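Structural characterization, general
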Amino acid sequence: MIGFTIWDIVRNLLLALRWTVALSLLSFLMGGTLGIVLLFMRNSRYRILRDIIRVYIEVFQGTPLLMQLFLVFFGIALFGIEVPAWLAAGVALTLWSASFLAEIWRGCVDAIPRGQWEASACLAMNRFQQMRHIVLPQALRIAIPPTVGFGVQIIKGTAVTSIIGFVELSKAGTIITNATFQPFIVFGLVGLMYFVLCWPLSKYSQFLERKFNVAHRH
Amino acid sequence: MSLIVIENVKKSYGNNAVLRGIDLEINPGEVVAIIGKSGSGKSTLLRCINGLETIDEGLISVGDVLLGRSERELRELRLRVGMIFQQFNLFPHLSVGRNVMISPIIVKGAKEQQAREIAQQNLTRVGLAEKFDSYPDQLSGGQQQRVAIARALSMQPKALLCDEITSALDPELVNEVLGVVRKLATEGMTLVMVTHEMRFAREVCDRVVFMHQGRVHEIGPPEEFFSKPKTPELQQFLGMVSV
Amino acid sequence: MIYQFDFSSILEYAKVLEQGVLMTIRLIVIGGVAGVSLGIFGAWARTQGPRWLKPIISAYVELIRNTPFLVQLFFIFFGLPSIGVTITELQAAIIAMVINLGAYSTEIIRAGVSAIARGQIEAALSLSMTRLQVFRYVILRPALQKVWPALSSQIVIVMLGSSICSQISVEELSFAANFIQSRNFRAFEAYLVTTLIYLIMAILLRQILHYIGRRFVFHRPSIVAPKSIAILKGGQA
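Here we summarise the structure given alongside this text. Quick caveat: nothing in here was measured; it's all calculated off a predicted structure. (Residues numbered from 1 in each chain as written. Chains lettered and ligands numbered in written order. Predicted model: local features only at pLDDT ≥ 70, side-chain atom pairs only at ≥ 80, totals over all residues.)

What to know about the interface of chain A and chain C
In this complex, chain A contributes 30 residues to the contact, which on the side of chain C involves 31 residues. Every element with two or more residues in the side of chain A that touches chain C is listed here: α3 (65-78), α6 (127-157), α7 (169-180) and α8 (183-216) of chain A. In terms of residues, the side of chain A that touches chain C owes the most to one element, α8 of chain A, which gives 11 residues. The residue inventory of the side of chain A that touches chain C, partitioned by class, reads 20 nonpolar, nine polar and one charged. (Contact = placed C-beta atoms within 7 Å. Helix = DSSP H or I, 4+ residues; strand = E, 2+ residues; numbered from the N terminus. Nonpolar A, V, L, I, M, F, W, Y, C, P; charged D, E, K, R; others polar.)

Details of the arrangement of the chains
Most contacts, among the two pairs of chains that meet, fall between chains A and C. When C-alpha atoms are compared, chain A and chain B, though not in contact, are closest at a spacing of 23 Å.

Focus on helix α6 (residues 171-186) of chain B
Residues and elements named next belong to chain B. Between the first and last C-alpha of α6 there are 23 Å, a value that for 16 residues agrees with the 22 Å anticipated at 1.5 Å per step. Close packing links the buried residues of α6 with β3 (31-36), α5 (141-153), β8 (190-194) and α7 (198-204). The positive-phi residue at the C-terminal boundary of α6 is G188, with phi of around 100 degrees. (Expected span 1.5 Å × (residues − 1).)

Re the pairing of strand β7 (residues 159-163) of chain B
Residue and element names in this part refer to chain B. The element β7 is extensively covered by neighbouring structure, given that five of its five residues are classed as buried. Of the two faces of β7, the one lined by A159, L161 and D163 and the one lined by L160 and C162 are each fully buried. Pairing between strand β6 (residues 81-84) and β7: four bridges, direction parallel. When the sheet's bridge partners are listed, M83 is paired in β7 with L161. Pairing geometry for β7 and β8, over five bridges, is parallel. Following the sheet pairing, L160 is matched in β8 by L191. Since β7 and β8 lie parallel, the crossover through α6 that links them has a hand, and here it is right-handed. (Buried ≥ 20, exposed ≤ 12 C-beta atoms within 10 Å, placed from the backbone. Pairing = 2+ DSSP bridges. Right-handed = clockwise from strand over helix to strand, strands pointing away.)

Quick word on the nonpolar core
Residues L69 of chain A, I34, L191 and V192 of chain B together with L73 of chain C are the most contacted members of the largest nonpolar core, which totals 204 residues. Other than its neighbours up to four places away in sequence, I34 of chain B contacts K42, L45, L46, V192, M193, V194, V209 and M211 of chain B. (Core = buried A, V, L, I, M, F, W, Y, C linked by C-beta atoms within 7 Å.)

Rendered as structure tokens:
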């Protein structure tokens, strides 16, 4: 029986941690981009577009991420394409995070007083211009704390991708546990590493929220 | 024999000395008004009497109970003296009747039926018997404050502390509350009232206390107090405020 | 080549799906009640509890909220036995869900408690109530009223998260889906049907929680209600 040191375990976990971070960043960026698209569509003049987005958000927020992951994984496979785990993970997390981010940002846009819309309309701007030049820049400030907060959710969400075989931190934990028979230590360390990733972000989000709340009191 | 004894009470918030040595004795059945500018310490003094604020030095007692530091001692004290707040502070999730009943039941162990009767009596006393099942948000400010009075009365206190109880009311509602207070006074309740209602103080109170910069600056029966203020600060204060 | 969808092969396994649904319901009912109860305790401890307890609760909340449920579950199910604690899959799943929901609930309810106006507390104290009585009769129900939507959302999230318990062989709905697709190789159909069932369950759960809110949390009886109503109701003798 090969003896494993704690350092062996930690080193291997850290290697997998890279992929957790990479997947999180990818999902955040792609999800954010899709989220903005959804946001614009949500505000559309066309009822059909608004309803589609509402259903999209309902479905992605009302079903388990695990199921979404499986559907993407097996869904793409239906087209005969060999889908690598990281791709399915990326697509699923993108679609999932886009739904939450669109909702969060919609809340921020809604918080902008009607007067802003009215004033910009009087200046003959169309909806797109109103959003882009007047409303979104103001909504951006309010949006930063909850968006940073959701980044924490994305990092935690990547754990589920271990189930389809993507070797991020949790999968590495499972593999290493099977090799070392030390689940308490291994998963303890895995938890610790997620904590080290997430906790600073959580605190930063809270800090930002306090800062903006104070700034809001004119 | 005094009911409420306040002896050399001092209190500071950090470097700010809010009470600089208060000596006051209030007799049973007395109605005492405390007036003064904001920042003079009058509300703070009132809140020290039932322990909502702690004192740094000195001594306060109500009846046979000395103001202590522990929760248990504070609760002993609060059984003897009730408080009415400027913002009423009725419990919004309870009906009027339950607002009045709740403390006798959970603190004094009264039976439901018994508490109900006491509540009915006190609500009748303040003229709101028919509002027993209503909720606070269905009542006007004046009615809410009267419920608050009924709630405090249900604990059968020896004295009531009133912290600017009409200041948050629309002018036309002030009188219905003062009417109740007047009635309590004639029935012999001991009252300590921080108030801006000078006319009321003049008509109902036995003594008026003027507080200035954390001290009892002048004190006396209303006839002298309002017509012949002795100190320049009180003269100025009364000139500022119409009597 | 067009893929032939075959949903009938899924419906053959309707019984399996039904068992899965029942287990998921079991998990969320036990987990939900225990988790929210733990949350109430945690909120009390953080606002009024003994000094030594506060940092422990804070640490617990921060730890759970900043680690994935999957890791928490695996730590409990795989980790505990390795230090001598024997535990079944179901026990591990329920414990993990309770600990998870407990942490989030503590934070949510605590926010509600903090939002209670100080005057309410002062009025209650002036009526000579103990701090515990103040919490139970004056603070708790208004706090729950304020946060009921957020709390309901969190309960739904935990119900959806229970899908992960399939990974430790708890026979809930996701496990049923895995089972079915391993038999008939209709993975996409199996997961599609299961996902739809989850969606329906989530919608129903939200409705149920909304109803519970109206009935017990926001409930305003015009007569004194019978003693049998849940502990969530304040103001009852």
